[in-house]
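A closer look at the structure
These are the residues of each chain, in order.
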Amino acid sequence: MKPVVLTRYRVMAWITGCMLLVLCLCMVLKYGFDTGEKATLYVSQAHGLFFMIYLVVTFDLSSKMKWKFERMLLTMVAGTIPLASFFAERKAVEAVRERDLVAAGAGASTA
């Protein structure tokens, strides 16, 4: 697997996670303090756009990693729960690195 696939996923996981946190803050300001209605609109639209990109790059990563459907779905859903995308990103990086280590070890034993 090309490293760019993981890098794309990591960037989008961080952007999606940060945008979701900003959106949560905007929602608190809008509904709790009756302010920031326009900011909430713009942030929610930006998060929606970034989330769609996140879904595409997550699908790309999961198909290249040959993850089960459940793992792919959980990783995708992580973009909808505040802070979850950061944890999912860590787990994905660990899985890719573990797979690369196993592949490197298997290549070394056959040589």
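Up top is the structure these notes are about.
Overview of the structure. (Residues numbered from 1 in each chain as written. Predicted model: local features only at pLDDT ≥ 70, side-chain atom pairs only at ≥ 80, totals over all residues. Heavy atoms only, no water.)

1. A few points about the overall build of the chain
When its secondary structure is counted, the chain shows four helices and zero strands. Counted from the first residue to the last, the chain has its helices and strands arranged as α-α-α-α. Sorting the 111 residues of the chain into buried and exposed places 33% on the buried side. Of the roughly 7,200 Å² of accessible surface on the chain, a fraction of 71% belongs to carbon and sulfur atoms. Mean positive and mean negative side-chain charge positions of the chain (13 and 8 charges, respectively) differ by 6 Å. (Helix = DSSP H or I, 4+ residues; strand = E, 2+ residues; numbered from the N terminus. Buried < 20%, exposed > 50% of the residue type's maximum accessible area, 1.4 Å probe, protein only. Areas by Shrake-Rupley, 256 points an atom, 1.4 Å probe, with all protein chains shown as cover. Lys, Arg positive; Asp, Glu negative; His and termini not counted. Charge placed at Lys NZ, Arg CZ, Asp CG, Glu CD.)

2. Details of the pattern of salt bridges
Under the criterion given, the structure shown has four salt bridges. Here Arg8 and Asp60 are joined by a salt bridge, their closest N and O atoms 3.2 Å apart. You can see Arg8 sitting in helix α1 (residues 3-33) and its partner Asp60 sitting in helix α2 (residues 37-65), a full 52 residues away along the chain. The exposure class assigned to Asp60 is buried, which follows from its relative accessible area of 18%. For Arg10, the salt bridge goes to Glu89, with nearest N and O atoms at 2.5 Å. Taken as a pair, Arg10 in helix α1 and Glu89 in helix α4 (residues 84-110) lie far apart in primary sequence, 79 residues in all. Judged by its relative accessible area of 26%, Arg10 falls in the partly exposed class. On the accessibility criterion, Glu89 (1% relative accessible area) is buried. Via salt bridges that share partners, Arg8, Asp60 and Lys64 belong to a single interconnected network. (Salt bridge = Lys/Arg side-chain N within 4 Å of Asp/Glu carboxyl O.)

3. Quick notes on helix α3 (residues 69-77)
Inspection of α3 places Met72, Thr75 and Met76 among the buried residues, and these make up the whole buried set. Each buried residue of α3 lies within a common arc of 100 degrees when the element is viewed along its axis, so the set occupies one face. Residues of α3 that are exposed and point more than 90 degrees away from the buried face comprise Glu70 and Leu74. (Arc of directions from axis to C-beta.)

4. Concerning the environment of Leu55
Looking at the secondary structure, you find Leu55 in helix α2. For Leu55, a relative accessible area of 27% corresponds to the partly exposed category. Between the C-alpha atom of Leu55 and that of Val28, which follows or precedes it by 27 residues, the distance is 26 Å.

5. Focus on a nonpolar patch on the surface
A grouping of Leu25, Val28, Leu29 and Phe33 is seen on the molecular surface, where their side chains present a nonpolar patch of about 390 Å² in accessible area. Along the chain, the position of Leu25 falls in helix α1. For Leu25, a relative accessible area of 52% translates into the label exposed. (Patch = residues over 30% accessible without salt bridge, like charges linked within 9 Å, V, L, I, M, F, W, Y side chains within 5 Å.)

6. What to know about the packing of α2 against α3
Axis separation between α2 and α3 bottoms out at 10 Å; the angle between their running directions is 155 degrees. One finds that α2 runs roughly antiparallel with respect to α3. Seen from above, α2 lies across α3 with right-handed handedness. Residues Phe51, Tyr54, Leu55, Thr58, Phe59 and Ser62 of α2 pack against Met72, Thr75 and Met76 of α3. (Axes fitted to C-alpha atoms, helices over the stretch in contact; angles between N-to-C directions. Parallel < 35°, antiparallel > 145°, perpendicular 65-115°, else oblique. Left-handed = near helix turned anticlockwise from the far one by under 90°. Contact = heavy atoms within 4.5 Å.)

Taken by themselves, the reported measurements are silent on function.
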